[in-house]
Amino acid sequence: MGLNKSDESAAQCAIRKDLAVVQGKDGRLIKGVLHWHAAVGDVVSLPKLPDVLHIQHEAEGNTSTINLADAIAVFFVKTLDKNAEYEEVKFFSDGMASDLWAQVFLADGEVLEGRTENRIALLVEPGFWLRPADSIANNLMVYVPKSSVVEFHVMGLAISQK
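Residues numbered from 1 in each chain as written. Predicted model: local features only at pLDDT ≥ 70, side-chain atom pairs only at ≥ 80, totals over all residues. Heavy atoms only, no water.

Visitor: So, the sheet that holds strand 9 (residues 142-145): which residues are in play, and what are the values?
Guide: Strand order in this open sheet of 5 strands is 9-8-7-6-10, and the pairing throughout is antiparallel. This sheet does not close on itself; its edge strands, each paired only once, are strand 9 and strand 10 (149-158). On average, adjacent strands in this sheet sit at an angle of 40 degrees to one another, irrespective of strand direction. (Pairing = 2+ DSSP bridges. Helix = DSSP H or I, 4+ residues; strand = E, 2+ residues; numbered from the N terminus. Axes fitted to C-alpha atoms, helices over the stretch in contact; angles between N-to-C directions.)

Visitor: Before we move on, could you go through the pattern of salt bridges and cite the residues and values that matter?
Guide: Scanning the entire structure with this criterion turns up 5 salt bridges. The partner of D99 in a salt bridge is R115, and the shortest N-O contact between them spans 3.3 Å. Placement of the pair is D99 in strand 6 (residues 99-106) and R115 in strand 7 (residues 111-117), with a sequence separation of 16 residues. Here D99 makes a salt bridge to R131, at a shortest N to O gap of 2.5 Å. (Salt bridge = Lys/Arg side-chain N within 4 Å of Asp/Glu carboxyl O.)

Visitor: I'd love a proper account of the layout of surface pockets, names of residues and values included.
Guide: Taken as a whole, the largest pocket encloses approximately 610 Å³ of empty space. V77, T79, D81, K82 and N83 are, among the 14 residues lining the largest pocket, the residues nearest its centre. When contributions to the lining of the largest pocket are tallied by element, the ones reaching two or more residues are strand 1 (13-24) and strand 2 (29-39). Here the residues of the lining of the largest pocket sort into 6 nonpolar, 3 polar and 5 charged. (1 Å grid on protein atoms, 1.4 Å probe; cavity = no way out; pocket = protein on both sides within 12 Å on 5 of 7 lines; lining within 4 Å. Points joined across faces, edges and corners; volume = space filled by probe spheres on them. Nonpolar A, V, L, I, M, F, W, Y, C, P; charged D, E, K, R; others polar.)

Visitor: Give a detailed account of the nonpolar core, specifying residues and quantitative values.
Guide: Note that soluble globular proteins tend to have their nonpolar side chains buried in a common cluster. The biggest cluster of nonpolar side chains holds 12 residues, and these are A20, V22, I30, L34, W36, A38, L49, L53, I55, I66, A71 and V74. Broken down by secondary-structure element, the contributors of at least two residues to this core are strand 1, strand 2, strand 3 (52-56) and strand 5 (71-76). In terms of residue count, strand 2 provides more of this core than any other element does, 4 residues in total. Not counting the four nearest positions on each side in its chain, L34 is found in contact with R16, K17, D18, A20, L49, L53, H54, I55 and F76. The next biggest cluster of nonpolar side chains, apart from the first, holds 10 residues, and it includes L100, A102, L106 and V144. (Core = buried A, V, L, I, M, F, W, Y, C linked by side-chain atoms within 4.5 Å. Buried < 20%, exposed > 50% of the residue type's maximum accessible area, 1.4 Å probe, protein only. Contact = heavy atoms within 4.5 Å.)

Okay, structure coming up:
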(Lines give C-alpha, C1' and ligand atoms only; values in the text may rest on other atoms or scores of the structure.)
Protein backbone atom coordinates (compact mmCIF):
# COMPACT_ATOMS: atom_id res chain seq x y z
CA MET A 1 0.00 0.00 0.00
CA GLY A 2 1.63 3.25 -1.17
CA LEU A 3 1.28 6.84 -0.08
CA ASN A 4 -1.03 9.12 -2.03
CA LYS A 5 0.13 12.61 -2.99
CA SER A 6 -1.25 14.33 0.12
CA ASP A 7 0.40 11.69 2.35
CA GLU A 8 3.69 12.18 0.50
CA SER A 9 3.46 15.96 0.95
CA ALA A 10 2.78 15.60 4.65
CA ALA A 11 5.67 13.15 5.00
CA GLN A 12 8.03 15.64 3.34
CA CYS A 13 7.02 18.55 5.62
CA ALA A 14 7.90 19.10 9.24
CA ILE A 15 6.15 21.37 11.70
CA ARG A 16 8.72 23.93 12.82
CA LYS A 17 8.58 26.03 15.94
CA ASP A 18 10.94 29.00 15.84
CA LEU A 19 11.32 32.11 17.97
CA ALA A 20 10.31 34.99 15.74
CA VAL A 21 9.53 38.69 15.73
CA VAL A 22 7.21 39.91 12.98
CA GLN A 23 7.35 43.60 12.17
CA GLY A 24 4.01 44.61 10.64
CA LYS A 25 3.53 47.35 8.08
CA ASP A 26 1.17 48.97 10.60
CA GLY A 27 4.04 49.31 13.11
CA ARG A 28 3.08 46.32 15.29
CA LEU A 29 5.74 44.01 16.65
CA ILE A 30 4.50 40.46 17.21
CA LYS A 31 6.88 38.35 19.29
CA GLY A 32 6.57 34.67 20.04
CA VAL A 33 6.86 31.18 18.59
CA LEU A 34 6.12 30.84 14.87
CA HIS A 35 4.43 27.51 14.07
CA TRP A 36 4.86 26.61 10.38
CA HIS A 37 5.33 23.75 7.93
CA ALA A 38 8.71 23.51 6.23
CA ALA A 39 9.91 21.11 3.54
CA VAL A 40 12.40 18.55 4.85
CA GLY A 41 15.60 17.58 3.10
CA ASP A 42 16.15 20.68 0.96
CA VAL A 43 19.45 21.97 2.29
CA VAL A 44 20.20 24.15 -0.74
CA SER A 45 17.45 26.74 -0.39
CA LEU A 46 15.50 28.10 2.53
CA PRO A 47 11.84 27.07 2.76
CA LYS A 48 9.01 29.39 1.75
CA LEU A 49 7.04 30.90 4.60
CA PRO A 50 3.26 30.37 4.59
CA ASP A 51 0.96 33.19 3.47
CA VAL A 52 -0.55 33.39 6.97
CA LEU A 53 1.71 33.37 10.04
CA HIS A 54 0.59 32.03 13.43
CA ILE A 55 2.64 33.40 16.34
CA GLN A 56 2.07 31.93 19.79
CA HIS A 57 2.88 34.43 22.53
CA GLU A 58 5.08 32.84 25.17
CA ALA A 59 3.79 34.78 28.19
CA GLU A 60 0.05 34.75 27.48
CA GLY A 61 -0.14 31.53 25.47
CA ASN A 62 -2.61 33.05 22.98
CA THR A 63 -1.92 33.18 19.24
CA SER A 64 -1.76 36.12 16.82
CA THR A 65 -2.32 35.71 13.12
CA ILE A 66 -0.79 38.01 10.49
CA ASN A 67 -0.76 37.80 6.71
CA LEU A 68 2.78 37.62 5.37
CA ALA A 69 1.83 40.39 2.89
CA ASP A 70 1.18 42.67 5.90
CA ALA A 71 4.69 42.13 7.32
CA ILE A 72 7.73 44.28 6.66
CA ALA A 73 9.99 41.47 7.83
CA VAL A 74 10.03 38.24 9.82
CA PHE A 75 13.05 37.99 12.12
CA PHE A 76 14.09 34.54 13.35
CA VAL A 77 15.75 35.26 16.68
CA LYS A 78 17.80 33.63 19.44
CA THR A 79 15.75 35.30 22.18
CA LEU A 80 12.67 37.52 22.30
CA ASP A 81 14.37 39.93 24.72
CA LYS A 82 16.17 42.87 23.11
CA ASN A 83 19.67 43.65 24.42
CA ALA A 84 19.72 47.46 24.77
CA GLU A 85 23.53 47.46 25.12
CA TYR A 86 24.17 45.60 21.86
CA GLU A 87 25.43 47.64 18.90
CA GLU A 88 24.82 45.89 15.59
CA VAL A 89 27.81 45.16 13.38
CA LYS A 90 27.56 46.88 9.99
CA PHE A 91 29.91 46.26 7.10
CA PHE A 92 30.78 48.88 4.50
CA SER A 93 30.12 51.72 6.92
CA ASP A 94 32.35 54.01 4.82
CA GLY A 95 30.15 53.62 1.76
CA MET A 96 28.03 51.18 -0.14
CA ALA A 97 29.31 48.90 -2.87
CA SER A 98 27.47 50.14 -5.95
CA ASP A 99 27.65 46.93 -8.02
CA LEU A 100 27.11 43.22 -7.53
CA TRP A 101 29.29 40.72 -9.34
CA ALA A 102 26.77 38.09 -10.48
CA GLN A 103 26.60 34.79 -12.29
CA VAL A 104 23.26 34.30 -14.07
CA PHE A 105 21.98 30.98 -15.40
CA LEU A 106 19.40 31.35 -18.18
CA ALA A 107 16.60 28.98 -19.18
CA ASP A 108 18.37 28.02 -22.42
CA GLY A 109 21.47 26.85 -20.52
CA GLU A 110 23.60 29.94 -21.16
CA VAL A 111 25.58 31.31 -18.23
CA LEU A 112 26.33 35.02 -18.03
CA GLU A 113 28.72 36.70 -15.63
CA GLY A 114 29.13 40.37 -14.98
CA ARG A 115 28.21 43.39 -12.90
CA THR A 116 24.76 44.73 -12.12
CA GLU A 117 23.72 47.72 -10.04
CA ASN A 118 23.20 47.06 -6.34
CA ARG A 119 19.85 48.82 -5.93
CA ILE A 120 16.18 48.09 -5.30
CA ALA A 121 15.36 47.88 -9.02
CA LEU A 122 17.15 44.53 -9.10
CA LEU A 123 14.43 43.15 -6.83
CA VAL A 124 11.30 44.90 -8.13
CA GLU A 125 11.77 45.45 -11.87
CA PRO A 126 10.94 42.76 -14.48
CA GLY A 127 14.55 42.62 -15.63
CA PHE A 128 18.04 43.99 -15.00
CA TRP A 129 21.12 45.23 -16.85
CA LEU A 130 24.32 43.20 -16.75
CA ARG A 131 27.73 44.56 -17.79
CA PRO A 132 29.66 41.49 -19.03
CA ALA A 133 32.89 40.61 -17.25
CA ASP A 134 34.76 40.01 -20.50
CA SER A 135 35.65 43.46 -21.88
CA ILE A 136 36.99 41.94 -25.12
CA ALA A 137 33.75 40.11 -26.00
CA ASN A 138 31.21 41.65 -28.39
CA ASN A 139 28.53 42.35 -25.73
CA LEU A 140 28.66 45.83 -24.19
CA MET A 141 25.53 45.45 -22.04
CA VAL A 142 22.88 42.76 -21.65
CA TYR A 143 19.29 43.32 -20.53
CA VAL A 144 18.10 40.14 -18.79
CA PRO A 145 14.34 39.59 -18.32
CA LYS A 146 13.83 37.84 -14.97
CA SER A 147 11.43 35.40 -16.62
CA SER A 148 14.44 33.83 -18.36
CA VAL A 149 16.57 33.51 -15.19
CA VAL A 150 16.88 30.02 -13.69
CA GLU A 151 19.53 30.86 -11.07
CA PHE A 152 21.18 34.06 -9.86
CA HIS A 153 24.34 33.98 -7.74
CA VAL A 154 26.06 36.99 -6.19
CA MET A 155 29.77 36.30 -6.52
CA GLY A 156 30.94 39.50 -4.80
CA LEU A 157 30.61 43.26 -4.36
CA ALA A 158 32.31 45.91 -6.45
CA ILE A 159 32.60 49.65 -6.86
CA SER A 160 31.04 50.83 -10.12
CA GLN A 161 33.33 51.65 -13.03
CA LYS A 162 30.81 53.74 -14.99
